[in-house]
Amino acid sequence: MTHGWPGSIAEFVNVVDELADPEDAAAPAFHVVVPSLPGFGYSDRPATTGWGTEKIAAAWVELMGRLGYTEFLARGGDWGGNITTVLGGRFPAHVLGIHTTFAEAPPGLTTDGLTAVERRWTEETRDFWRNHAAYAKQQATRPQTIGYSLVDSPVGLLAWILDKFAEWSDTEDSPFETISRDSVLDNVTLYWLTRTGASSARIYYESHNSLDPELRVDVPSAISVYPRDIEKYPRPWAQERYRQIVRWRSPEAGGHFPSLEVPEYFVKDLREGLAAVLAAHR
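Report follows, based on the coordinates. (Residues numbered from 1 in each chain as written. Predicted model: local features only at pLDDT ≥ 70, side-chain atom pairs only at ≥ 80, totals over all residues. Heavy atoms only, no water.)

Taking strand neighbours across the sheet as the criterion, the four strands line up as 1-2-3-4 in an open arrangement whose pairing is parallel. With partners counted over all chains shown, the strands left at the sheet margins are strand 1 (72-76) and strand 4 (245-249), one partner each. Taken pair by pair, the neighbouring strands of this sheet meet at an average axis angle of 15°, ignoring direction. Of the pairings in the sheet, the one linking strand 1 to strand 2 (residues 95-100) comprises five bridges and is parallel in character. Across the sheet, Gly76 pairs through a bridge with Thr100, a residue of strand 2. (Pairing = 2+ DSSP bridges. Helix = DSSP H or I, 4+ residues; strand = E, 2+ residues; numbered from the N terminus. Axes fitted to C-alpha atoms, helices over the stretch in contact; angles between N-to-C directions.)

Here the focus is helix 9 (residues 197-207). In terms of burial, helix 9 is a largely internal element, eight of the eleven residues being buried. Turning to helix 9, its buried residues number three or more, namely Gly197, Ala198, Ser199, Ser200, Ala201, Ile203, Tyr204 and Ser207. In this structure, the buried residues of helix 9 make contact with helix 2 (53-66), helix 3 (79-90), helix 5 (134-141), helix 6 (143-152) and helix 8 (181-194). Positive phi shows up at Asn209, right after helix 9, with a value of about 60°. (Buried < 20%, exposed > 50% of the residue type's maximum accessible area, 1.4 Å probe, protein only. Contact = heavy atoms within 4.5 Å.)

All chains considered together, the criterion is met by twelve salt bridges. Close ionic contact of Arg120 with Glu124 constitutes a salt bridge, the shortest N to O distance being 3.5 Å. With Arg120 and Glu124 both in helix 4 (residues 116-131), this residue pair falls four residues apart, about one helical turn. For Asp218, the salt bridge goes to Arg243, with nearest N and O atoms at 2.9 Å. Highlighted residues: Asp218 in the loop between helix 9 and strand 3 (221-224) and Arg243 in the loop between helix 10 (235-238) and strand 4, separated in sequence by 25 residues. (Salt bridge = Lys/Arg side-chain N within 4 Å of Asp/Glu carboxyl O.)

Phi at Asp78 is positive, roughly 60°, even though this residue is not glycine. In this fold, Asp78 is placed in the loop between strand 1 and helix 3. Look at Asp78 and you get buried, because its relative accessible area is 10%. With phi around 55°, Arg195 is a residue other than glycine that occupies positive phi space.

Take the nonpolar core next. Grouped together as the largest cluster of nonpolar side chains are 50 residues, with contacts concentrated most on Leu37, Leu87, Tyr135 and Tyr242. The element contributing the most residues to this core is helix 2, with six residues. By size, the runner-up hydrophobic cluster in this structure holds nine residues, among which are Tyr226, Phe266, Leu270 and Leu274. (Core = buried A, V, L, I, M, F, W, Y, C linked by side-chain atoms within 4.5 Å.)

Looking now at a negative patch on the surface. On the surface, Asp17, Asp21, Glu23 and Asp24 cluster together into a negatively charged patch. Residue placement: Glu23 occurs in the loop between helix 1 (13-20) and helix 2. (Patch = residues over 30% accessible without salt bridge, like charges linked within 9 Å, V, L, I, M, F, W, Y side chains within 5 Å. Areas by Shrake-Rupley, 256 points an atom, 1.4 Å probe, with all protein chains shown as cover. Lys, Arg positive; Asp, Glu negative; His and termini not counted. Charge placed at Lys NZ, Arg CZ, Asp CG, Glu CD.)

What follows is about the environment of Val184. Relative to the assigned elements, Val184 resides in helix 8. Spatially, the C-alpha atom of Val184 lies 8.3 Å from that of Ile161, the residues being 23 residues apart in sequence. What Val184 contacts, discounting residues up to four positions off in sequence, is Leu158, Leu162, Phe165, Phe176 and Ile179.

So, in structure tokens, the structure goes:
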């Protein structure tokens, strides 16, 4: 189960226990492995280039094998969603199925035949990349430049991260409407104490816009698209890449950080999605 910046491992602390040891005895329990992306949080900072999403996905397969899991389910959002897509597409012998909130469609698809809601999704996604993605362009082209600021100034790091919580959450005025100050400070503290503000930015340099347009995912896939997420792809577009969608959900609330914003729904959706994936696999 992987996510990406900002959030990393800290985002899942409030849901991992419920997934691994649910209060409801009838609910399914999982062995939950939450790897930290190279250069993030508790992971080492790569000493060489090349640690893009393809290499990370391969590392996850090796990691799971060393832990004794030759087959497993994968879940991800943000960079973790990209990596989860690579896992499902490149390693179907090991990945039973996936659950993702980041179902990135291949390029060049038409809006013909889309519903009004689906067209709005494509317009909002295009607007995000045109007008709100300066952070990504900076990290994709000059990650080390911003990196010095992120490891030198705790206020700068806080501003860099809080900006994303403010803009990407399903709120009207403040991210603290749904996300506690402690959760935000936990995230900032994780980056500050591990000095990973610079190293975490490098994944953009390694992998920005690098998802193989020809990659297809044939393992069972459960996909959820939250209404205030930064990228939203219509199901007809997603189906061009994920060719066995067994469950599709469009929740009424939530943004880019659903495990923090709507944790109860997030856990329920993840359980039901993985159950659908396993049922299809069998």
